[in-house]
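# Topology and contacts: notes
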Amino acid sequence: MKGLDISLMTYLITIIIAMSVAVLLKGLDNLLVLFSKWFPHEEHHSDDDAPVQADESLAEQAIAIAAAHAKEK
Amino acid sequence: MDSSMILNIFQGIKTMGMSFSHDPQMAIARIGLILLGMLLIYLGKKGILEPLLMIPMGLGMATVNAAVMMFDPLGLHGGMGTLFLEPQAGSALSSTFQAAGDTAALAANAAASSDIMYIMGIDWLQPIYTFTFGNGLIACLVFMGIGSLLDVGFILRRPFLSMLIALFAELGTIMTLPIAQAFGFTAKEAAAISIVGGADGPMVLFTSLQLAPHLFVPIAVVAYLYLGLAYGGYPYLVKLLIPKKLMQVPVGQLKKEREISSGEKLLFAVVICILLSFLLPVAAPLIFSLFFGVVIRESGIKVFHDLLSGPVLYIATMFLGMILGILCEANTIMDKKVLPLLLLGMLSLLISGVGGIIGGYVAYFISGKKYNPVIGIAGVSCVPTTAKVAQKIVSKAKPGLIVMPEALGANVSGVITTAIIAGIFCSMLSK
């Protein structure tokens, strides 16, 4: 098989799988939104098994980068 | 005491002198690599290149080329070697696997195994190399650590746009494969080289070990060197291709913004892990490692999360950098296949960067000009480096503008698309 054929076939399969994953994510998301009306979402965690909040650290990083640039200016 | 006796004490000088008289190119390469190692340490310290990788790599590279002595127990390097590690020990083992059952092949396997055991008793880093590099464990450990830092919620915000950008950012991987074949590489070698365009270190290690183990060292070194350079080079590419006005475009609000719970993220991670492993079993170890990290993070097991995101990730990264540096011995780097590799690796990352920016433009137009095209560079899946690059450029163009969540969505999608491509390459070409 030639390199170009391998590349094209790989890209085509990748597009199909990646977009299927996106459809799956969106579908699951919609399903969860739908079911959340019947099963109200309630999360409880003890101090020992609290979910890790790295979103906050990423948001903090973004703000820190923005602040650093503002300071430079 | 004659001069030969003195030189036997200072064997680094002796081997350098011998290289100058028998093979001057090798001697020059040794000196060049010592200087390059020192430069990497300097650039790492200055923060121009990623210090976590470049400082151990630079010191390893400089030291291993200084410490060449009259020692070559397996007779592979013309009587010269080091006490660090021997990447070629047992190389006959993998090449004779397919012929298992054949008496001659079994004998060769036994000899290769015995070589590995012998070298492990001498070279101090050989056990780590043999037990973590040869089987891809180091790549999986790094991926577990990266997974524990990933938030799949960022893809869930805009799954289609994130995947679209990531697909454009794979153009380097896709286009480099036929170019590498035109350079005379086999399909397996070309695939292993082209995956550099995915900009995902562990994926490069894994694919090259699966498809072209004989090129593993130069491909891994080239990939990590360029991933370090991407951090410094991509901002220039973005500035060249995106006008300042478009860098200031804010990302539009979602129609129904809602908080995604950790339980939902856990469910998504489990489903995607099983689905991708089902489709691409060859890449399952990497896929499992990545989503294992995600699942640990979202299941709220704090002690495991701390273990993966701290000690596991940093110990694996430290040994990865150190061993990659030590593998940069002049003998290995002077292979005539390395120069085209340097060019192809750079080309692959360049095309991926341009592809990502094209993806950013496509997303900008699809969304009705409510998407910042700079986010496109984050489709190149060097987590979280390219996302940080995107945020840094946007912040400079318009202080206070935040694109980090969308950039991380494209980043995580990039990891998924690179894993898919690596899996397809390995499945299609490994037999």
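Residues numbered from 1 in each chain as written. Chains lettered and ligands numbered in written order. Predicted model: local features only at pLDDT ≥ 70, side-chain atom pairs only at ≥ 80, totals over all residues.

## What to know about the packing of helix 11 (residues 171–182) of chain B against helix 12 (residues 187–194) of chain B
Residue and element names in this part refer to chain B. Put simply, the rule reads: Note on definitions: angles span 0 to 180 degrees between N-to-C directions of axes, and those axes are lines fitted to C-alpha atoms, for helices only across the stretch in contact. In this text, helices come from DSSP runs of H or I with a minimum length of four residues, and strands from runs of E with a minimum of two, each type numbered from the N-terminal end. Each angle receives one of four descriptions, namely roughly parallel if under 35 degrees, roughly antiparallel if over 145, roughly perpendicular if within 65 to 115, and oblique otherwise. By the definition used in this description, the sense in which the near helix is turned from the far one sets the handedness, with an anticlockwise turn below a right angle giving left-handed and a clockwise turn giving right-handed. Residue pairs qualify as contacts under a 7 Å threshold applied to their C-beta atoms, which are placed from the backbone. All amino acids are sorted into three groups, where Ala, Val, Leu, Ile, Met, Phe, Trp, Tyr, Cys and Pro are nonpolar, Asp, Glu, Lys and Arg are charged, and the leftover types, Gly among them, are polar.
It is at 8 Å that the axes of helix 11 and helix 12 come closest, and there the two elements cross at 140 degrees. Taken as axis vectors, helix 11 and helix 12 run oblique relative to one another. Two packed elements cross with a definite hand, and for helix 11 against helix 12 that hand is right-handed. Contact residues: T173, T176, L177, A180 and Q181 in helix 11; A187, A190, A191, I193 and S194 in helix 12. Split by residue class, the contact of helix 11 with helix 12 holds six nonpolar, four polar and no charged.

## Here we look at helix 22 (residues 404–429) of chain B
Each α-helix turn comprises 3.6 residues. Residues three or four places apart therefore point the same way. For clarity, the threshold we go by: Multiplying 1.5 Å by the residue count of a helix minus one yields the expected span of that helix. Backbone-placed C-beta atoms define the burial measure: a residue is buried with 20 or more other C-beta atoms within 10 Å of its own, exposed with 12 or fewer, and partly exposed in between.
Helix length check: helix 22 of chain B (26 residues) gives 37 Å between terminal C-alpha atoms against 38 Å at 1.5 Å per residue, within 8%. The buried count for helix 22 of chain B comes to 24 of 26 residues, which makes it a mostly enclosed element.

## With respect to unusual backbone geometry
All names here are of chain B. A positive phi angle, close to 55 degrees, is found at A199, a residue other than glycine. When you line up the elements, A199 lands in the loop between helix 12 and helix 13 (201–211). With a phi angle near 60 degrees, K369 is a residue other than glycine that sits in the positive phi range. One can find K369 in the loop between helix 20 (338–366) and helix 21 (385–397).

## Observations regarding the confidence of the model for chain B
Just so we agree on the cut-off: Each residue carries a pLDDT value, the predictor's own confidence for that position, ranging from 0 to 100.
Looking at chain B as a whole, its pLDDT mean stands at 87, while 95% of the residues score no less than 70. Interface confidence for the predicted complex, given as ipTM, is 0.83, next to a pTM of 0.82.

## Thoughts on the domain arrangement of chain B
Residues and elements named next belong to chain B. Stated precisely, the cut-off is as follows: Start and end positions for the domains come from either an automated domain assignment or a database one.
Each domain of chain B was delimited in the assignment, giving domain 1 (1–66) and domain 2 (134–249 + 259–429). Put simply, the middle of domain 1 and the middle of domain 2, counted by C-alpha atoms, are 31 Å apart. Across the contact, 20 residues belong to domain 1 and 17 residues belong to domain 2. When contributions to the side of domain 1 that touches domain 2 are tallied by element, the ones reaching two or more residues are helix 3 (24–46) and helix 4 (51–66). Classifying every residue of the side of domain 1 that touches domain 2 by side-chain character gives 13 nonpolar, five polar and two charged.

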